[in-house]
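Examination of the molecular architecture
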Amino acid sequence: MDGTEHLTVERAGATLVLTLNRPEARNALSLPMLVGLYDGWLRADEDDDIRSVVLTGAGGAFCAGMDLKALSEGGGGAAGQQYRDRLKEDPDLHWKAMLRHHRPRKPVIAAVEGPCVAGGTEILQGTDIRVAGKSAVFGLYEVRRGLFPIGGSTVRLARQIARTHALEMLLTGRPYTADEALEIGLIGHVVPDGTALDKALEIAELVNANGPLAVEAVKACVYDSAELTETEGLKLELDRGWPVFATADAKEGPRAFAEKRPPVFRRA
């Protein structure tokens, strides 16, 4: 286990598990947490042995949004200077950490328990597959406080769920239950409380068993074609897809199927 004081980083096989770890503050975002998240995304991108990432929270909460006091203190005292220095070096680091300015190469699966509100719901929109415990709560509360959800929600949410649902969530600032979030398409699974991480890891194992070059190309194509016309998107699909067929992994998959054995993919 490693990470900053506010984020733990662990390996579960080929999955990197990032756990927001300020349960006393319902995992509200601090500068050390944001630096740890950013470093976690980079680690996943750069390590070919990592095939997926699971993002979750400790203590029965996912994330209650920004901790403005903690962010203004920047980690507090001399111990927090390293985090403040990182932000000076890259003023966009916090946005990248929240997946506003950065899209990880590997699939990211969110495992949500408890509150996932404000900045928590904004980070959620940067993940690819989403699982929530039955008692999870979602919402963009910013307008209730006279604030603006500047983590990407006014752009991304209406591209991910129906516009009417996106605007209701953004303009009312009301909380949504896990069942409501499932109904409007914000999440993909509702599971018994305390089992969201287990379900996320189960999905990650299914992803990890597949050809990594194919998985990463499929993810990239889905996002990169989202704003294209159908004709443009289909051209992009061929541009991304044909190179995958030329790989050794693309030969290994059918060979393993014919030989009735699990494939051994080598990213080649």
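Just so it is clear, the structure is predicted and the values come from calculations on it, not from any experiment. (Residues numbered from 1 in each chain as written. Predicted model: local features only at pLDDT ≥ 70, side-chain atom pairs only at ≥ 80, totals over all residues. Heavy atoms only, no water.)

Quick word on the overall build of the protein
A tally of helices and strands in the protein yields twelve helices and nine strands. Taking 2.2 N^0.38 as the reference for a compact globule, 268 residues should give roughly 18 Å; the C-alpha atoms of the protein span a radius of gyration of 19 Å, in line with that estimate. Counting only C-alpha atoms and orienting by the principal axes, one finds that the protein spans roughly 60 × 45 × 35 Å. Taking contacts inside the protein between residues at least 6 apart in sequence as the whole, the part at least 24 apart equals 66%. Accessible area of the protein: about 13,000 Å², with a carbon and sulfur share of 57%. Between the mean site of the 32 positive side-chain charges and the mean site of the 38 negative ones, the protein shows a separation of 2 Å. (Helix = DSSP H or I, 4+ residues; strand = E, 2+ residues; numbered from the N terminus. Rg over C-alpha atoms; globule rule 2.2 N^0.38 Å. Contact = heavy atoms within 4.5 Å. Areas by Shrake-Rupley, 256 points an atom, 1.4 Å probe, with all protein chains shown as cover. Lys, Arg positive; Asp, Glu negative; His and termini not counted. Charge placed at Lys NZ, Arg CZ, Asp CG, Glu CD.)

So, the nonpolar core
The nonpolar side chains of a soluble globular protein tend to be buried, and buried together. Among the nonpolar cores identified, the biggest contains 46 residues, and Leu37, Val112, Phe138 and Leu186 are the most heavily contacted of them. Counting residues per element, this core draws most heavily on helix 1 (residues 31-46), at eight residues. When residues no more than four places from it in sequence are discounted, the contact partners of Leu186 are Leu124, Arg130, Phe138, Leu157, Ile161, Met169 and Ala181. (Core = buried A, V, L, I, M, F, W, Y, C linked by side-chain atoms within 4.5 Å. Buried < 20%, exposed > 50% of the residue type's maximum accessible area, 1.4 Å probe, protein only.)

Comments concerning the pairing of strand 6 (residues 129-133)
With four of five residues buried, strand 6 lies mostly within the body of the structure. Bridge count for strand 6 against strand 9 (residues 189-191) is three bridges, and the pairing is parallel. Within strand 9, the position partnered with Ala132 by the bridge is Val190. (Pairing = 2+ DSSP bridges.)

Description of unusual backbone geometry
Unlike most non-glycine residues, Asn27 shows phi in positive territory, near 60°. As for its placement among the helices and strands, Asn27 is situated in the loop between strand 2 (15-20) and helix 1. Of note, the phi angle at Arg267 is positive, near 55°, even though the residue is not glycine. Note that Arg267 resides in the segment after helix 12 (248-258).

Topic: the pairing of strand 1 (residues 7-12)
Within a regular strand, the side chains alternate between the two sheet faces. Two elements, strand 1 and strand 2, share six bridges in a ladder whose sense is antiparallel. In the sheet register, Thr8 faces strand 2, and the bridge partner there is Thr19. Hairpin connection between strand 1 and strand 2: a loop of two residues separates the two successive antiparallel strands, and Gly13 in this loop has a positive phi of roughly 65°.

Remarks on the pattern of salt bridges
Taken as a whole and judged by the stated rule, the model has 20 salt bridges. As a salt-bridge pair, Arg267 and Asp48 come within 3.6 Å of each other at their nearest N and O atoms. Here Arg267, found in the segment after helix 12, pairs with Asp48, found in the loop between helix 1 and strand 3 (52-57); they are 219 residues apart in sequence, far enough to count as distant. Taking relative accessible area as the criterion, Asp48 reaches 39% and is therefore assigned partly exposed. Between Glu202 and Lys199 there is a salt bridge, and its shortest N-O distance comes to 3.4 Å. One end of the pair, Glu202, and the other, Lys199, are both in helix 9 (residues 196-208), three residues apart, so they sit about a helical turn from each other. (Salt bridge = Lys/Arg side-chain N within 4 Å of Asp/Glu carboxyl O.)

What about helix 12?
For helix 12, the set of buried residues is Asp249, Glu252 and Ala256. One side of helix 12 carries all its buried residues, which in axial view fall inside an arc of 50°. Facing away from the buried surface of helix 12 by more than 90 degrees, the exposed residues are Pro254, Phe257 and Ala258. Buried-residue contacts for helix 12 involve helix 10 (212-224). Looking at the residues trailing helix 12, positive phi occurs at Lys260, about 55°. (Arc of directions from axis to C-beta.)

Structural notes on the packing of helix 10 against helix 11 (residues 230-245)
Contact pair helix 10 / helix 11: the axes reach a minimum separation of 10 Å and the direction vectors enclose 175°. As far as their axial angle goes, helix 11 and helix 10 are roughly antiparallel. Counted together, Leu213, Ala214, Ala217, Ala220, Cys221 and Asp224 of helix 10 and Leu236, Glu237, Arg240 and Val244 of helix 11 form the full contact between these two elements. For the contact of helix 10 with helix 11, the residue count by class is seven nonpolar, no polar and three charged. (Axes fitted to C-alpha atoms, helices over the stretch in contact; angles between N-to-C directions. Parallel < 35°, antiparallel > 145°, perpendicular 65-115°, else oblique. Nonpolar A, V, L, I, M, F, W, Y, C, P; charged D, E, K, R; others polar.)

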